[in-house]
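Report on the structure
Okay, here's what each chain looks like letter by letter:
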Amino acid sequence: MAYEVIRTNRTRFFLLSLMFLTLISLLAIVSLSIGSSAIPPFKALKCLLGVECYEPVRLVLGFRITRTIASILVGCMLAVAGVLVQGITRNPLADPFILGISSTALATLSIALLIDVSILAQRQLSIAIALGGAFLGYILTTSIGVLAGGTGFSLVLSGIAVSALFSGVSHVLLYILQDRFRHPYINLLMGSTSGVLERDIPYLTVPALLSLLALYLLRIPKALNAYLFGEHHASQLGYRVKLTTITSAFIASLLTGASVAVVGIVGFIGLAGPHISRMLYGTSDHRVTIVLSALAGSALAISADIVARLITLFSTRGELPLGVITSIIGAPFLAYLVIKGGRR
Amino acid sequence: MVARNVALTLVVALMMLAAGFGVGTYLAGGTATTAIITEIKTTTVVFTERITELTTVVMPEARISVVDALGREITFDKPPTRVVSLAPSITEMLFALGLQDRIVGVTSHCNYPPEVQQLVSKGDITIIGGFWTPDLEKIVSLRPDLVIGSAGTPPHLRLKESLEQAGIKVFYIKATAAINKYDVYSDIRVLAKIFRVEIAAEELVNRIEVDMEFVEKSIPKDVKPKVLVLLGPPAWGLYSAGGNTFISWLITTAGGVNIAAKFTGWPMLDYEFILSHDPDVIIVSAMGSNYTILSKEIAETPLAQTKAFKTGRVYLVDQEANDILVRPGPRLGLALRMLASILFPDTFGEPKVPTVYRISEGTDSITSAGSTIRLSTVGTTTHEVVTI
Amino acid sequence: MRIELRNVSFSYDSVKAVDKVSLEVDSGKTFCFVGPNGSGKTTLLKLVASLIRPKEGVIYLDGKDLKTFDINEIAKTLSYSDPHLPRTLPARVIDFILTSRYPFHKAFQYFESKDDLELVDFLSRELKISHLLDRRLDQLSSGELQRVVIAAALAKKPKVLLLDEPSAFLDIRYRFEVMDIVKKYVAKYGATSIVALHDINIASLYCDTVALLNKGKIVACGPPSDVFSSKVVEEVYGVKVEIIQVGSYYVAFPLPNYRDQQHT
């Protein structure tokens, strides 16, 4: 009996993964066929398949590949960060930005800008500074959280406090800087893959790989499974709860920080990815939901990026930031979550 | 039951969407500084102009009413004598009309003409905050009898109620919302009407027109260079100016084509778009960053694959050059001339405005492992007030 | 497994929750803590489970100091059931029970082994929860949930079973059922069980030894019939307690005060 149940679950996992992988592949193909240069999709596909490739098309394809890869990675990373944060707080409404790191990243960048305007001109440096700011935020949140008990709950509370403080700081700085820097700031605040360069991609892949390694070497998925049922339940299973929450928070911060540094703040994916994977799979077994969330997140991110580029083609407003599109999709989704949750 | 849930979802979603769009519009609204980079080579043609004396003729006192850019009718019993300007272009217009002795307050961005700084140091004029961040208290403490603001700048519009509550008259001209020379002229004229200096206004408009015509008639008609304008360094986003902006109009008038003209407002572009349009000229607003660093950065982005970069026609504008191109005001003629010489260097030579830099590659052979970026800067030209 | 506490004390900040408690439990025995809320029952269970460390005193398992045990050894030996099971995120019964097998997995084993699944099958048949295995925890009734919790505790095949209020919130039928299962297991495998109860008639029916706690101190300890017939019980609970013989059982019953008032 138990064996059948497990086997059904495993089959479901496998099928869902397959479905998502197919979806992502299809979306990737669409993503590579669409762009602001209005090259006919057919031509782009022919170039992709190596059939017939003119130089301008190949050039454009290169950009699209960069954007698509960035979307896939960011979607993955934010969704996994979301699973981790929801796991350590046992709250399905937590999202990765709850740890306060996006506001510290922004604040750090603002201060750096005040000190040296030329940072505005240096992408790699800006990315590095934002990452550093995110890390600072993690240290701050974790220190306060550990002092407050080290549970997921205390981490979240301290994250909210850190977020509030540094949001204030960065908004004050924004106020001072906005005469000159309004537009660049919007990019950071609302997220976009349009400015991502090939050499920025390692800033995404390296943290992603490191996180993957850490997750599985430290056996976080099973630890979170145990923690799902209570702090004491996990402790009596031999898990060090504080260590688990701190490490999970670290990995989540690394993933989120890297995404914010390269692409800007993109909301909703960290919330929806885990939710979708739980809805489809049925339970919160982290061994499964981490993978499924990553896939769901990628699908969401690529879709949003495709929509962003379609808007360029069909309207005069130009591209909408990625974060704006995900919020617009997110609003009805969140409403649905709220209603469904309330009814129970 | 189901219907209720569906209805609830729709209502909540619509509310969120509305809120989202509201916020988005607010954030996207307002003007941003546009920057054009022009290259300045060593001067071969010297263009000097003298400031002609402006005679201000004041009409006898009579009550007039003038309609501002928001459509409000404002009455003036007599010309105001204590004026606060909320925008640099407004300050420039007031000075150009010879009204400087009536000004009591300007913004920290009002840096032209140089006389402004002198008057501030002397204490005759007070700084009332930034262009985007005017300080209500400072304004009120000056007891002005008129505050002139820009209809295209939301923080100025927000001051309307507070100022009126404090009993201070506020008048809006198009200023940053001006999208062509006619808007500028109407702004100048309406200001002149308030201060009863219509004759000076006509002289000013005339001079600008003459200067512009002089440029326009020399613009080659057969070739239209494609221009990309970037509002800031590419590192933080590729923001350009849409077809309904002032800078776009300037480009068109100067004989060029703005590749982002199909958009409105301040669109965010991507490299694919830029490269598929392959601009002949790129103008980047440096925003005060180090020019060598910025140049190196640009060389490492896909912008380096544009025709503009390959033929050495990427320009960085900063500070004064930036201001000239960004402020729709009395320096319109100079703006056009500067832009024309960027687009057609062979025809126009170089404008005598510093802080325009061109990125050109070194004379060494270009290797894939980085080519030298040599910045050719303008020689030490003395800063002269250039008006017609 | 023999458990011994010697002069164990613990405080939360400045409040002394457990005050110099000493006791011994032999293998195969069921030991119960009873006492009013806040008397230290849960704290003592957590101390034995090694979830918290005593401020004073030592706890011995089979003569060895609990502090010297490796955290994984403890995980395989003891089982502590938390009375409050968070159910905010959806989880299946089988996933919950299988978490108890994690301490027994090899270093990088990721999924459950066949043995784990057979054990779960066996336990679910015993506890009559086979049909509930793929239900979600929040879809269970409290009786079903209780049996699931016990199943998870037993899935460890623990030598020490620590239960905190296992029959709170349960119907009468299930209250007894849970304790029946515990006794059966303890007897069959020679395990030791320590249970915290607030229900004194269950305590009197199922426990080999009862320790009555008041404000962190043991005020009475021994077989239920002794403890519940002593005057101390009335002082601690503030009600009269009577021992009634029902067949071969002795059951303790608290008597409400108003009956006395009616008589006088």
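The rules behind each value
- Residues numbered from 1 in each chain as written.
- Chains lettered and ligands numbered in written order.
- Predicted model: local features only at pLDDT ≥ 70, side-chain atom pairs only at ≥ 80, totals over all residues.
- Domains from an automatic or database assignment.
- Helix = DSSP H or I, 4+ residues; strand = E, 2+ residues; numbered from the N terminus.
- Nonpolar A, V, L, I, M, F, W, Y, C, P; charged D, E, K, R; others polar.
- Contact = placed C-beta atoms within 7 Å.
- Pairing = 2+ DSSP bridges.
- Axes fitted to C-alpha atoms, helices over the stretch in contact; angles between N-to-C directions.
- Expected span 1.5 Å × (residues − 1).
- Buried ≥ 20, exposed ≤ 12 C-beta atoms within 10 Å, placed from the backbone.
- Arc of directions from axis to C-beta.
- Parallel < 35°, antiparallel > 145°, perpendicular 65-115°, else oblique.
- Core = buried A, V, L, I, M, F, W, Y, C linked by C-beta atoms within 7 Å.

Focus on the domain arrangement of chain B
All names here are of chain B. Per the domain assignment, the segments making up chain B are domain 1 (64–196) and domain 2 (220–376). Domain 1 and domain 2 are separated by 31 Å when their C-alpha centres are compared. Examining the composition of the side of domain 1 that touches domain 2, we find that five residues originate from one element, helix H2 (residues 88–96), more than from any other. In terms of residue class, the side of domain 1 that touches domain 2 is built from seven nonpolar, two polar and three charged.

Things to note about the interface of chain C and chain A
Contacts between chain C and chain A engage 34 residues on the former and 26 residues on the latter. Of the residues belonging to the side of chain C that touches chain A, the class tally is 19 nonpolar, eight polar and seven charged.

Looking at the sheet that holds strand S5 (residues 64–65) of chain C
Residues and elements named next belong to chain C. Taken in spatial order, the four strands make up an open sheet running S2-S1-S4-S5, and their pairing is antiparallel. Looking along the sheet, the strands with just one partner apiece sit at the ends: strand S2 (15–25) and S5. Here seven bridges tie strand S1 (residues 3–12) to S2, and the two strands are oriented antiparallel to one another. The partner of Glu4 across the bridge, within S2, is Glu24. The sheet contacts of helix H1 (residues 41–48) involve S1, S2 and strand S4 (56–61), and relative to S2 the element is tilted by about 60°.

Some thoughts on helix H7 (residues 198–218) of chain B
In an α-helix, one turn spans 3.6 residues; hence positions three or four apart end up facing the same way. Residue and element names in this part refer to chain B. In this model, H7 (21 residues) spans 31 Å end to end at C-alpha, consistent with the 30 Å of a helix rising 1.5 Å per residue. All of the buried residues in H7 are Ala200, Ala201, Leu204, Ile208, Asp211, Met212 and Val215. Summarising the axial view, the buried residues of H7 lie within an arc of 105°, below the 170-degree limit, and thus occupy one face. Exposed residues pointing more than 90 degrees away from the buried face of H7 are listed as Asn206, Val210, Glu213 and Lys217. The elements touched by buried residues of H7 are H2, helix H6 (181–195) and helix H13 (332–343).

Looking at the packing of helix H2 (residues 41–48) of chain A against helix H3 (residues 55–89) of chain A
All names here are of chain A. At a minimum axis separation of 10 Å, H2 and H3 run at an interaxial angle of 85°. Relative to H3, H2 is oriented roughly perpendicular. Touching Lys43, Ala44, Cys47 and Leu48 of H2 are Val57, Arg58 and Leu61, all from H3. A class-by-class count of the residues in the contact of H2 with H3 yields five nonpolar, no polar and two charged.

Notes on the nonpolar core
Membership of the largest hydrophobic core comes to 291 residues, with the highest contact counts inside it found for Met77 of chain A together with Leu97, Ile282 and Leu339 of chain B. With 17 residues, the single largest contributor to this core is H3 of chain A. Here this core spans two domains, since at least three of its residues come from each of domain 1 (64–196) and domain 2 (220–376) of chain B.

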